[in-house]
Amino acid sequence: TAMEGREFLRQLVERAADRLEVIVAGGVRVHNAQELAATTGARALHFSAFEARPAARYARPDRVRFSASSLPCDSERRATESRLVADLRAALQG
């Protein structure tokens, strides 16, 4: 996770200077975003701001599933949750 590798990420950000932008990702959440930004010096964080919601239409069990096991099942869909985005922005602004 980003928290586990934050010292390494800090070193990457330092070495990249203004030549590259390091995007911190992997377990970034509202409760740790400010610490990650401060510890690593990164200006870019990537996180998932979604909630699983029921899909409008349910898949039939006799049909082939066309999604990876890490994706929501056919009866769910992922939707961006604006509240999570706002919470993260507020956390980063201190």
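Everything that follows concerns the structure shown earlier in this document.
Residues numbered from 1 in each chain as written. Predicted model: local features only at pLDDT ≥ 70, side-chain atom pairs only at ≥ 80, totals over all residues. Heavy atoms only, no water.

Peer 1: Can you walk me through the pattern of salt bridges in this structure?
Peer 2: Any two side chains of opposite charge can pair, so long as their charged atoms come close to each other. Taken as a whole and judged by the stated rule, the model has 5 salt bridges. Across the pair Glu 35 and Arg 6 runs a salt bridge, and its minimum N-O distance is 3.8 Å. Residue Glu 35 is located in helix H2 (residues 33-40), and its partner Arg 6 is located in helix H1 (residues 6-16); the two are separated by 29 residues in the primary sequence. The class for Glu 35 is partly exposed, based on a relative accessible area of 39%. Arg 6 gets classed as partly exposed once you look at its relative accessible area, which sits at 28%. (Salt bridge = Lys/Arg side-chain N within 4 Å of Asp/Glu carboxyl O. Helix = DSSP H or I, 4+ residues; strand = E, 2+ residues; numbered from the N terminus. Buried < 20%, exposed > 50% of the residue type's maximum accessible area, 1.4 Å probe, protein only.)

Peer 1: Help me out: how do you make sense of the side chain of Thr 40 in this one?
Peer 2: Its place among the elements puts Thr 40 in helix H2. There is a polar contact of 2.6 Å between the side chain of Thr 40 and the backbone oxygen of Leu 36. For Thr 40, the side chain forms a polar contact with the main-chain nitrogen of Ala 42, separated by 3.1 Å. Sequence-distant contacts of Thr 40, defined by excluding residues within four places in its chain, comprise Arg 6, Leu 9, Arg 10, Val 13 and Val 24. (Polar contact = N/O pair within 3.5 Å; in protein donor to acceptor, adjacent residues only side chain to side chain. Contact = heavy atoms within 4.5 Å.)

Peer 1: I keep staring at the layout of surface pockets and nothing clicks. Help me out?
Peer 2: Computed from the structure, the second largest pocket encloses a volume of approximately 160 Å³. Every residue along the wall of the second largest pocket is listed here: Val 13, Ala 16, Ala 17, Asp 18, Leu 20, Glu 21, Val 22, Gly 41, Ala 42 and Arg 43. Its residues assigned to classes, the lining of the second largest pocket comprises 6 nonpolar, 1 polar and 3 charged. (1 Å grid on protein atoms, 1.4 Å probe; cavity = no way out; pocket = protein on both sides within 12 Å on 5 of 7 lines; lining within 4 Å. Points joined across faces, edges and corners; volume = space filled by probe spheres on them. Nonpolar A, V, L, I, M, F, W, Y, C, P; charged D, E, K, R; others polar.)

Peer 1: Teacher, can you tell me more about unusual backbone geometry here?
Peer 2: The phi torsion of most residues other than glycine is negative, and most of the peptide bonds are trans. Located in the positive-phi region is Ala 17, a residue other than glycine, with phi close to 50°. Tracing the sequence through the fold places Ala 17 in the loop between H1 and strand E1 (23-24).

Peer 1: Sorry, what's going on with the packing of H1 against H2 here?
Peer 2: Packed helices, taken two at a time, are described by the angle between their axes plus the distance between the axes. Axis separation between H1 and H2 bottoms out at 8 Å; the angle between their running directions is 50°. Taken together, the axis directions place H1 and H2 in an arrangement best described as oblique. The residues of H2 that touch H1, namely those facing Arg 6, Leu 9, Arg 10 and Val 13, are Glu 35, Leu 36, Thr 39 and Thr 40. (Axes fitted to C-alpha atoms, helices over the stretch in contact; angles between N-to-C directions. Parallel < 35°, antiparallel > 145°, perpendicular 65-115°, else oblique.)

Peer 1: In this structure, what is going on with the environment of Gln 11? I would like to understand it.
Peer 2: With respect to the element layout, Gln 11 can be found in helix H1. Here Gln 11 falls in the partly exposed class, since its relative accessible area comes to 37%. Distance from Gln 11 to Gly 41, taken between C-alpha atoms, is 9.2 Å for residues 30 residues apart in sequence.

Peer 1: Before we go on, may I ask you to explain H2 in this structure?
Peer 2: For an α-helix, 3.6 residues make a turn, and residues three or four places apart therefore share a direction. For H2, the complete set of buried residues consists of Ala 33, Leu 36, Ala 37 and Thr 40. End-on view of H2: buried residues confined to an arc of 95°, all on one side of the axis. Looking one or two places after H2, you find Gly 41, whose phi comes out positive at around 80°. (Arc of directions from axis to C-beta.)

Treat this as a map of the structure, not an account of what it does.
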